[in-house]
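Geometric and topological summary
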Amino acid sequence: MRFQVTVRHGRRYQRYHTLVVEADDAREALRRAASEIPDDIAGETDLVELRIAPDPEARSYVGEGDGEAAP
């Protein structure tokens, strides 16, 4: 399964770093993502969010399939 992991970091201004990892479950996904967090932001990370990554091939958009043109 593909997971998207978003890491919030920064002391004065908050910024975001996003990773996509393949794993069997959330625990494994977090372990894999942890090893991929760049050293320069690891010390200033204050929030980590884990989600199932969207599949761009399976994703539908407004206007698709109903005769309207998608924006």
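Residues numbered from 1 in each chain as written. Predicted model: local features only at pLDDT ≥ 70, side-chain atom pairs only at ≥ 80, totals over all residues. Heavy atoms only, no water.

1. Side note on the environment of E36
- Mapped onto the secondary structure, E36 falls in helix α1 (residues 26-36).
- Residue class for E36 comes out partly exposed when judged on its relative accessible area of 42%.
- Here the alpha-carbon distance between E36 and L19, two residues 17 residues apart in the chain, equals 8.0 Å.
- Not counting residues within four places of it along the chain, the set of residues in contact with E36 comprises L19 and V21. (Helix = DSSP H or I, 4+ residues; strand = E, 2+ residues; numbered from the N terminus. Buried < 20%, exposed > 50% of the residue type's maximum accessible area, 1.4 Å probe, protein only. Contact = heavy atoms within 4.5 Å.)

2. A few points about the nonpolar core
- With 10 residues, the main nonpolar core is built from F3, V5, V7, L19, V21, A23, A29, A33, I37 and I41.
- Of all the secondary structure elements, the ones that give two or more residues to this core are β1 (2-9), β2 (15-22) and α1.
- Per element, the largest residue contribution to this core is 3 residues, and it comes from β1.
- Once residues within four sequence positions are removed from consideration, A23 is found in contact with M1, F3, E28, A29 and R32. (Core = buried A, V, L, I, M, F, W, Y, C linked by side-chain atoms within 4.5 Å.)

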